[in-house]
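Structural description and commentary
The lines below spell out each chain.
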Amino acid sequence: MDSKRREILKTGGGLTLLSLAAAAGWLKPGDAHAADWNKAAFETKSMDETMKALGGGAPAQSMNITFVSTPDIAENGAVVPIGVASAIPKTESIAILIEKNPNMLTAVFDIPPGTEPAVSTRVKMGQSSNVYAVVKADGKYYMASKEIKVTLGGCGG
Amino acid sequence: MADPMKIRAAVVGDSTEVKVLMSHEMETGQRKDAQGKLIPGWFIQTVTATYNGKTVLSAQWGPAVSKNPFLSFKFKGGAKGDKVQITWTDNRGDKRTDEATIG
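The notes below deal with the structure included here. Fair warning: this is a prediction, and the values are worked out from it, not measured in the lab. (Residues numbered from 1 in each chain as written. Chains lettered and ligands numbered in written order. Predicted model: local features only at pLDDT ≥ 70, side-chain atom pairs only at ≥ 80, totals over all residues.)

Considerations on the overall build of chain B
From N to C terminus, chain B includes zero helices and seven strands. Order of helices (α) and strands (β) in chain B, N terminus to C terminus: β-β-β-β-β-β-β. Along the first, second and third principal axes, the C-alpha set of chain B runs to 55 × 20 × 20 Å. The buried share of chain B, taken over its 103 residues, is 37%. By sequence separation, contacts in chain B at least 24 residues apart represent 55% of the contacts at least 6 residues apart. (Helix = DSSP H or I, 4+ residues; strand = E, 2+ residues; numbered from the N terminus. Buried ≥ 20, exposed ≤ 12 C-beta atoms within 10 Å, placed from the backbone. Contact = placed C-beta atoms within 7 Å.)

Considering the sheet that holds strand 1 (residues 6–12) of chain B
Taken together, the six strands give an open sheet; going across it, the order is 2(A)-4(A)-7(A)-5(B)-2(B)-1(B), and neighbouring strands pair in antiparallel fashion. Only two strands of the sheet have a single neighbouring strand rather than two, namely strand 2 (65–68) of chain A together with strand 1 of chain B. In this sheet, neighbouring strand axes are inclined to one another by 15 degrees on average, regardless of whether the strands run parallel or antiparallel. The pairing of strand 4 (residues 80–86) of chain A with strand 7 (residues 115–123) of chain A spans six bridges and is antiparallel. (Pairing = 2+ DSSP bridges. Axes fitted to C-alpha atoms, helices over the stretch in contact; angles between N-to-C directions.)

Things to note about the pairing of strand 7 (residues 95–101) of chain B
Residues and elements named next belong to chain B. As paired strands, strand 6 (residues 83–90) and strand 7 are joined by seven bridges and run antiparallel to one another. Bridging from a neighbouring strand, Lys83 pairs with Thr101 of strand 7. Turn length for the strand 6-strand 7 hairpin, with the two strands adjacent in sequence and antiparallel, is four residues, and the turn residue Gly93 shows positive phi of about 90 degrees.

Some thoughts on unusual backbone geometry
Leaving glycine aside, a negative phi is the common case for residues, and trans is the common case for peptide bonds. Residue and element names in this part refer to chain A. Phi at Ser69 is positive, roughly 40 degrees, even though this residue is not glycine. Along the chain, the position of Ser69 falls in the loop between strand 2 and strand 3 (73–76). The phi torsion at Asp138 lies on the positive side, around 55 degrees, for a residue other than glycine. Position of Asp138 among the secondary structure elements: in the loop between strand 8 (129–137) and strand 9 (140–152). Taking the number of C-beta atoms within 10 Å as the measure of exposure, Asp138 has 9 and is therefore exposed.

Things to note about the interface of chain A and chain B
Between chain A and chain B, the residue contacts involve 34 residues of the former and 31 residues of the latter. Of all the secondary structure elements, the ones that give two or more residues to the side of chain A that touches chain B are strand 6 (105–110) and strand 7 of chain A. When residues in the side of chain A that touches chain B are grouped by element, the largest group, eight residues, is from strand 7 of chain A. Split by residue class, the side of chain A that touches chain B holds 17 nonpolar, 12 polar and five charged. Bridging between strand 6 of chain A and strand 4 (residues 54–61) of chain B involves four bridges; their strand directions are antiparallel. From the neighbouring strand, Phe109 of chain A faces strand 4 of chain B, where its bridge partner is Ala59 of chain B. (Nonpolar A, V, L, I, M, F, W, Y, C, P; charged D, E, K, R; others polar.)

See below:
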């Protein structure tokens, strides 16, 4: 591999190392710029896999994580408001997982000190499902879940 | 280049509440077009919010975040007239930064 690379470098002086890497298949186009995006975690299909990809073990149930302004029944699965608030001290990150979506992990928010451990956003849901909020606090993982019923699915259009 | 974000930042007590509405297709990569061909995914992957050069929130998103994403959060501090900056990057390498004045 190395000798080949030198050869190409010599012959094709205009090629950057990056495009070379892309050509060699190390990087798919579109991946290079988002190095801080955890691709593996967003491709997982189960809770265990997701936790592994995020670098944690099985999270403990916690009553200190609450869903804020999140509906029990969502009429439109394409736009389901979800808010998660954590009352656990030293909350470092909040992740939102949707059990029955093609890929469970939906979003991960990193909460630096000084920012309130509460975020809200809107997500797509293919069908009625359990939604999990996973909170990392002081190196440990905690979770809470809520079932949201979807009247009209948000995937597949 | 994508349309600008709508950002609203307001002081609430001793914190600043930030609400952002981004303009993005957020295509999942799961849908098919009329010919049955898969529409490639196109979605925002990373979002960063900064205040006074300090990151107050960073996020990684998958394609399951809704079209034209909404985000709200609060951080301690912040004064009227100061600026909050939001940047997103999508999986095509597109990037957009907008800022808003805290009101």
